[in-house]
Each structure stands twice: as C-alpha cells, then as structure tokens.
Amino acid sequence: MLSGRRLDLLDPSPLDIEVEDIAHGLARVARWNGQTRGAHAFSVAEHSVVVEQIVGILYPKLPVKWRLAALLHDSSEYVIGDMISPFKAALGVNYRAFEDRLEGAVHIRFGLPPKTPVEVKRKIKRADRICAHLEATQIAGFSEKESRQFFGPVPPEIDISIAPLPPRKAQALFLERFNTLLEEFDGAKGKKAA
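Everything numeric here is computed off the predicted structure, so don't read it as measured data. (Residues numbered from 1 in each chain as written. Predicted model: local features only at pLDDT ≥ 70, side-chain atom pairs only at ≥ 80, totals over all residues. Heavy atoms only, no water.)

K.L.:
Can you explain the pattern of salt bridges? Please cite residues and give values.
P.N.:
Going through the model one piece at a time under the given rule, you end up with seven salt bridges. One salt bridge in this structure joins R31 and E135, with 2.9 Å as the shortest N-O distance. With a gap of 104 residues between them, R31 in the loop between α1 (19-27) and α2 (44-58) and E135 in helix α7 (residues 118-138) connect regions that are remote in the sequence. Take R31 and E135: they sit in the same class, and that class is buried. Salt-bridge contacts for R67 lead to E52; the nearest nitrogen and oxygen are separated by 2.6 Å. Remark: E52 occurs in helix α2 and R67 occurs in helix α3 (residues 64-71); sequence separation between them is 15 residues. Looking at R67, the relative accessible area reads 18%, which means it is buried. A relative accessible area of 2% means that E52 is categorised as buried. Three or more residues are tied together by salt bridges with common partners; here these are E52, R67 and R177. (Salt bridge = Lys/Arg side-chain N within 4 Å of Asp/Glu carboxyl O. Helix = DSSP H or I, 4+ residues; strand = E, 2+ residues; numbered from the N terminus. Buried < 20%, exposed > 50% of the residue type's maximum accessible area, 1.4 Å probe, protein only.)

K.L.:
Tell me what's going on with the packing of α2 against α3, and back it up with residues and numbers.
P.N.:
Think of two packed helices as two axes; the pair is described by the angle between the axes and how far apart they sit. Running from N to C, α2 and α3 cross one another at 150 degrees; their axes reach a closest spacing of 8 Å. Relative to α3, α2 is oriented roughly antiparallel. Taken as a pair, α2 and α3 cross one another with a handedness that is right-handed. Note on element contacts: α3 touches α2 through R67, A70 and L71, opposite S48, V49, V51, E52, V55 and G56. When its residues are assigned to classes, the contact of α2 with α3 shows five nonpolar, two polar and two charged. (Axes fitted to C-alpha atoms, helices over the stretch in contact; angles between N-to-C directions. Parallel < 35°, antiparallel > 145°, perpendicular 65-115°, else oblique. Left-handed = near helix turned anticlockwise from the far one by under 90°. Contact = heavy atoms within 4.5 Å. Nonpolar A, V, L, I, M, F, W, Y, C, P; charged D, E, K, R; others polar.)

Dropping the structure here:
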C-alpha cells in the first residue's frame, strides 16, 4: 500500500489497514468498469459516500456505527477492485468469503464488529441498489424502466444527482465523510462509557 503497509490478502490484519489507503484505492476504482458518461469515472469512493447518504435518508435513527459500516460497505474493493456479482459467482471460488475476511479486518480496524448484523446489511444493500439505479439512469445509459427492472424503484425522498468527480476530489470526499462519521462514532462510544 502507499502508506507502506503490507496487506496479506488471504489473512488480512486490521493493523495493516489505513483509511488513507482505502480512500486512495476506492477513488481510483471505477463503477460500471468506467462505462459511464462524463469526464471522469464514477468511483467506488464516491459511490460509497452516496450509499451512506441514502442510508441516512432512509433510516435516520440508525446508529452512527452502522452509517460508518455503510460508508465502508465496498471497502474490500480498495485492493481487489469492483466486479459485478454474476462474474464473482462465475469465478468458482468463494469470493464472498474472501471479501468478508477483508471487510471484517477493516471493521475491526475502525472499531466496528467484524460482521454486520443481517438487518443492517439488508438496509445497506437496499441503499446500494438505489444508488445503482441512480447511477444506471444518470450516467450509465439505462432507461428508467431498465433501472427499475434491475435495481428496483427509487423512493421519492431520494433526490440525489450523480456527478463523477476526479479521483483526488472523490478521495477527499470519502476521507471527509469517514472522519466525520468516525468522530461521531467515537463520541457515541464515549457517552456510553461515561
């Protein structure tokens, strides 16, 4: 990693994970394999920020630790890239287990439980699909009908414009949101301890 850390992909240690490496990598991984409109690819870093924003709109009472988990939902992609689900299944290896190990190490590194509860995962996945719908219709050339078919509807309270940023700006956006959420999360932990 650019931080100087060496990450064992088969047995990742939380001690080898730095948020700067995550932000740097995710800002340079293109959603839709770069097949989008605009001067820049829509990065996984920016996608992650939008997913967390959607989670906040849909579930405003969700504890901040799960908002942080939403921001980090694709964190494994900072080292393994973004692959569509059908391709992951076609690889013939237990790709999900590999992703889960890496995600678990990321979670532990930042004080989250290694496994996200099923109900929280469901909420994050819903926001992820809504974000994919927005991306598909706004920058990837899908019609509204196609997007609804593949990703489901977008609730009326979600009014977000997808605007791909240059990598440095996407990286800064991700880090800014991460630091805000981590500060809130640490503050919430401090209140519980008091």
